[in-house]
Amino acid sequence: MNRLIVVSNRVPRPDSGAQAGGLAVALDGLMERRGGLWFGWSGDVSATATQTPTRLESAGAIDFATIDLTPDEHDRYYNNFSNGVLWPLLHTLPQLMRYDRADARVYRGVNARMAAALVPLLRPSDLIWVHDYHLLALPAALRSRGVQNPIGFFLHVPFASPDVLGAASEVATLVRDLLSADLVGFQTDNDLNNFVAAAKAFAGAEQIGPKLLSFAQRTVRLGVFPVEIDARRFAETAAGMETSAPAMRLRRSLDPEALLLGIDRLDPTKGLPQRLAGYRRLLEKHPQWSSHATLVQIAATSRKEVGSYQNLRATLDTEAGRLNADLGEPDWQPLRLVTRACSRELGAAYMRLARVGLVTPLRDGMNLVAKEFVAAQNPDNPGVLVLSRFAGAAQQLDAAILVNPHDADMVADALHTALTMSIAERQSRWQTLWSRIEDRTPIGWGRGFVAALLRTAGITTVAPAPVRQLFSNVQQLAPAAAPAFDAPAFDVTGAAARERLN
Ligand code: F6P
């Protein structure tokens, strides 16, 4: 089996104590099962910019190789360019972008340094799978260092239309950089179509098939791979946590039949102020919910050094205070806003208790919380999902009540409908939603992508790179971790690849 190299900005290093984000949750299972090397940022900041990994660690079948960022890189590559330019642009929120050309240069520099540190660790038969918007320049940076291995890239966030992306000049180059990959994967058809338009507009790529581009004598395959959760396992967790002490405490503190719940990162894409506006409109339009309904909004603080996140925190604090002050009663508060993260287990318990789940981002790649809310429900008495039609998950979960999060009246009406929905309709909608996710897992998602990468490589010429020269650095860093030289040559037949992966 070809070794899998996963490259991502965040790396769930053993014992790092960091909470796993969506990307890590999606990939953990596959890496544990298949084994391989996980490469990226260590999560630490240190003064020196090394050209080799700062840490080599192992846990089970996974090896981890990571580099530290310098304080300037952390600021410019992570905060300013990745999260201050690319994140809002890719989510079609250009008004939130804070652009500085110097940040783009550092972004490119970090991508180049990551490539330089990764290349010596590669074996000729490795499959390389790069993830997300932090590393758009990496496929080209690897190719420019002579890497000929199959490279796959998956974008966890949306891909915006070229009109929006053009607001940052570097995006055109980054689209060209991405075209050095063999397979580029997206969450939805809409993202893929936007990428095709950008590849044509910015790079002059030619579309030679519905999901096939030709650029600089290379063929680049595109695909849609919606990220999944382990729905059955999440359902078990939620059921197991139903009578846990925190869940019982929440149940006793309010009326669960009028409990509305949101669980998000505190992020401008999640539509939190708009959600509060919709909830306010519900209470104004339908006074029967006054002194009765409670919105529990967990909005875990995130990326606190980025200006738009600081502004959002201030807006939310103000709006939450106003809502409670304007509409609350001495014995009732309409809103409970919590900015500390809660564990996935506790989140599952709260979801099972809630009558309504609110997932109303302005734009979202997928939104796994929407899938988790469905999985967490008691099939006999399920809650109702109110979901933004701008979340990638809306494609699969169209039996939810779909809303435009900008339209406060529409959100208010959807909440009222959800709160008053008959049990028969709740059960029937839930059955449809569950059927869309019950047999899916993140491992299945990961295998699907890897199988597609192998198939793509079957139509690509893959010449092995010079082996001994590639490993010299690793042996120097960690003799015990130096890979053996007996890896089989890369198998270019798609059929054999499928057999191994199923
Ligand atoms: O794809 C979006 C993502 O990178 C997810 O992996 C994760 O849930 C989230 O953003 C966390 O972001 P950060 O690494 O900036 O904390």
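Just so you know, these numbers come straight off a predicted model, no measurement behind them.

Asker: I keep staring at the pairing of strand β12 (residues 294-300) and nothing clicks. Help me out?
Answerer: A regular strand places its side chains on the two faces of the sheet in alternate fashion. The element β12 is largely enclosed, with a buried count of seven among its seven residues. Neither face of β12 is exposed, since T294, V296, I298 and A300 on one face and L295, Q297 and A299 on the opposite face are all buried. Two strands pair when backbone bridges link them, and strand β11 (residues 259-265) and β12 are joined in this way by seven bridges, in the parallel orientation. In the strand pairing of β12, G262 is matched with Q297. What joins β11 to β12 is helix α10 (residues 272-285), and the crossover it makes is right-handed.

Asker: Got a minute to help me understand the pairing of strand β15 (residues 384-388) in this structure?
Answerer: A large share of β15 lies buried, amounting to five of its five residues. What you see with β15 is no split at all: V384, V386 and S388 on one side and L385 and L387 on the other are buried throughout. Traced from strand β14 (residues 356-359) through helix α13 (residues 368-376) to β15, the parallel crossover comes out right-handed. Note: β15 against strand β16 (residues 401-403), three bridges, orientation parallel.

Asker: Help me understand the sheet that holds strand β7 (residues 183-186), please; the structure alone is not making it clear to me.
Answerer: Strand-to-strand pairing in sheets goes through backbone hydrogen bonds, with the strands running parallel or antiparallel. Strand order in the open sheet formed by ten strands is β3-β4-β2-β1-β5-β6-β7-β10-β9-β8, and the pairing between neighbours is mixed. Each edge of the open sheet is held by one strand with a lone partner, namely β3 (55-59) and β8 (206-209). On average, adjacent strands in this sheet sit at an angle of 25° to one another, irrespective of strand direction. Summarising the sheet, β8 and strand β9 (residues 212-215) pair through three bridges and their orientation is antiparallel. By the bridge assignment for β9, Q207 is matched with L213. In the packing of helix α2 (residues 71-90) onto the sheet, the strands contacted are β1 (4-10), β2 (36-45) and β4 (62-69), and the crossing angle to β4 comes to about 100°. Across the sheet, helix α7 (residues 189-203) touches β7, β8, β9 and β10 (218-224), and the angle it forms with β10 is around 155°.

Rules of the game
Residues numbered from 1 in each chain as written. Predicted model: local features only at pLDDT ≥ 70, side-chain atom pairs only at ≥ 80, totals over all residues. Heavy atoms only, no water. Buried < 20%, exposed > 50% of the residue type's maximum accessible area, 1.4 Å probe, protein only. Helix = DSSP H or I, 4+ residues; strand = E, 2+ residues; numbered from the N terminus. Pairing = 2+ DSSP bridges. Right-handed = clockwise from strand over helix to strand, strands pointing away. Axes fitted to C-alpha atoms, helices over the stretch in contact; angles between N-to-C directions. Contact = heavy atoms within 4.5 Å.

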